[in-house]
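These are the residues of each chain, in order.
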Amino acid sequence: MDQLKNSQAKSKYKFEAKEIYVMDAKSGQMLYQKDGNQKRPIASLSKLMTLYLTKKAIDQHQISWNQKVPVSKSLIKMSKSYALGSFKIKKSKQYTVKQLYQAALIASSNSAAIALGELVANGNNTKFIDMMNRQAKKWQLDAHFVSSSGLDNTDLSKYGLQVPGTGKKAQNMVSAKAISTVAAKVLGEFPAITKWSSKPSMKIDGQVLVNSNRLLKGDVYYKKSEHVDGLKTGFTETAGLCLTVSFWHKGRHLIATIIDSNTIFSSMERLVRSIEKNYTTVTYPLQKQNFKIDGHQVTALPQDNQAIVWKTKTAKPTIHEQYTAVNQKLPIEQGTTVGNALLRVGNGTAKVPMLAAKTISAPKKQTKKTTPHRSLLSKIGNFLGGIISGLVRVINNAFKHL
């Protein structure tokens, strides 16, 4: 990683930003970071979590792409605001999940994002924010959400959207690493999203959605060689200019996030260019591994026989291999993740899931044989019965000798 750090001394590789994080979307390996674990406001980058949970609800058949979305009067009003609106929602129109998804992604529509969140949470904005925070906790992310759109409470309170118990100026506080991880989750679950996020503009219901990402085709910072295909821009007064992009290098999808920069697009273009110039990949062979789960030995096979690991072009890295179990209980279905192969290179770690080689059922529960409980009266009856039987035998014997 030293080559990239040294390159920053040269003016053409100067990245002006408060936080930076670059990672491999599939393996999670960090290539470069600057204060990437520091929680800060991230504005509309927050919509990535909303888009993830919306797609998750679609995949679980809770909602559908063509479903009509109810939009409240307050959100319609917000959509027409000069400061907060980018896609005007008409009272007379009904919009589908797909249309509002595209509006939130491409035009960064606050009203569209909030409406989607409310739909997923059965009309309850506060419940959806709770879903966002629970998902972040499940992924062990350094993040706290109060808004599905990225707006802070100074704006949300005007529309009755402030989550109870949050401060007047509360806002989403998320690290660059955390939101990059969310972006990677979005790409993992919905790779086709780049067909929309890569478009400079799109027409929906007579309106043109304008993408503010200036690294896309036809814009001033576009470079064909950099293969940028998304993903999300953001801005508020407190967050500053924020940008998360996805791009391809060496056949791998990478995520780069810059938070709070006055030169957001030129800095991101330099960052992407420097990654392409200084980084390459090496392969590392993986073998099957045995994990002890619920007292049983479970054989797991790597999802990929060879792990792809990033390094600087001049480095000869030492790769530290480790296996960790993530499943502790039976039953286990064949092909499910039971552990991970972790390959540490410098400060970054590439992760490859280890999948169960076969299905293993849960052990059958053994039932203990119990002696029937005898009541006190039953015991007394048996005792008296024994005495009477004995007396009968004595009398019978006596008559035999007469």
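Residues numbered from 1 in each chain as written. Predicted model: local features only at pLDDT ≥ 70, side-chain atom pairs only at ≥ 80, totals over all residues. Heavy atoms only, no water.

Caption draft 1: The arrangement of the sheet that holds strand S11 (residues 240-249) in detail. Pairing within the open sheet is antiparallel, and its five strands lie in the order S2-S1-S12-S11-S10. The sheet is open, and its two edges are formed by strand S2 (30-34) and strand S10 (228-236), each paired on a single side. Across the sheet, the axes of successive neighbouring strands diverge by a mean angle of 10°, strand direction being ignored. Both S10 and S11 contribute to a ladder of eight bridges, which runs antiparallel. When the bridges of S11 are listed, Thr233 appears paired with Leu243. (Pairing = 2+ DSSP bridges. Helix = DSSP H or I, 4+ residues; strand = E, 2+ residues; numbered from the N terminus. Axes fitted to C-alpha atoms, helices over the stretch in contact; angles between N-to-C directions.)

Caption draft 2: Structural view of the confidence of the model for the protein chain. Per-chain confidence: the protein chain averages 90 in pLDDT, with 87% of residues scoring 70 or above. Counting interchain partners and residues more than four positions distant, the pLDDT-below-50 stretch residues 5-13 has 13 contacts. For residues 397-402, every residue scores under 50 in pLDDT, and the model assigns this stretch zero contacts once sequence neighbours within four places are set aside. (pLDDT = per-residue confidence, 0-100. Contact = heavy atoms within 4.5 Å.)

Caption draft 3: Layout of the UniProt feature "binding site: substrate" (unreviewed entry) in the protein chain. On the UniProt side, "binding site: substrate" (unreviewed entry) is annotated at positions that read Lys232 here. Position of Lys232 relative to the elements: it lies in strand S10. Given a relative accessible area of 2%, Lys232 falls into the buried group. Once residues lying within four places of it in the same chain are set aside, the contact partners of Lys232 are Ser44, Leu45, Lys47, Leu48, Ala104, Leu105, Ser108, Cys242, Leu243 and Thr244. Within the structure, the side chain of Lys232 is placed 2.8 Å from the side chain of Ser108, a separation counted as a polar contact. (UniProt positions renumbered as here; feature names shortened; annotations may be inferred. Buried < 20%, exposed > 50% of the residue type's maximum accessible area, 1.4 Å probe, protein only. Polar contact = N/O pair within 3.5 Å; in protein donor to acceptor, adjacent residues only side chain to side chain.)

Caption draft 4: Layout of the pairing of strand S9 (residues 207-210). Of the two faces of S9, the one lined by Gln207 and Leu209 is fully buried and the one lined by Val208 and Val210 carries no buried residue. The pairing of strand S8 (residues 201-204) with S9 spans four bridges and is antiparallel. Across the sheet, residue Met202 finds its bridge partner in S9, namely Leu209.

Caption draft 5: Structural context of the packing of helix H2 (residues 47-59) against helix H5 (residues 110-120). Orientation of H2 relative to H5, taken along the N-to-C sense of each, is 40°, at an axis distance of 10 Å. As the angle between them shows, H2 and H5 are arranged oblique. Judged by the twist between their axes, the crossing of H2 over H5 is left-handed. Residues Lys47, Thr50, Leu53, Thr54 and Ala57 of H2 pack against Asn110, Ala113, Leu116, Gly117 and Val120 of H5. A breakdown of the residues in the contact of H2 with H5 according to their chemical character gives five nonpolar, four polar and one charged. (Parallel < 35°, antiparallel > 145°, perpendicular 65-115°, else oblique. Left-handed = near helix turned anticlockwise from the far one by under 90°. Nonpolar A, V, L, I, M, F, W, Y, C, P; charged D, E, K, R; others polar.)

Caption draft 6: Representation of the environment of Lys168 within the structure. Its location among the elements puts Lys168 in the loop between helix H7 (153-156) and strand S7 (173-174). Looking at Lys168, the relative accessible area reads 73%, which means it is exposed. Residues Lys168 and Asp155 lie 13 residues apart in sequence; the distance between their C-alpha atoms is 9.5 Å. Look past the residues within four positions of Lys168 in its chain and what remains in contact with it is Asn153, Thr154 and Gln162.

Caption draft 7: Summary view of H5. The buried fraction of H5 is high, at 11 of 11 residues. Regarding H5, its N-cap is Ser109, as a side-chain oxygen of that residue lies 3.1 Å from the backbone nitrogen of Ala112 further along. Immediately downstream of H5, the backbone of Asn122 shows phi near 55°, a positive value.

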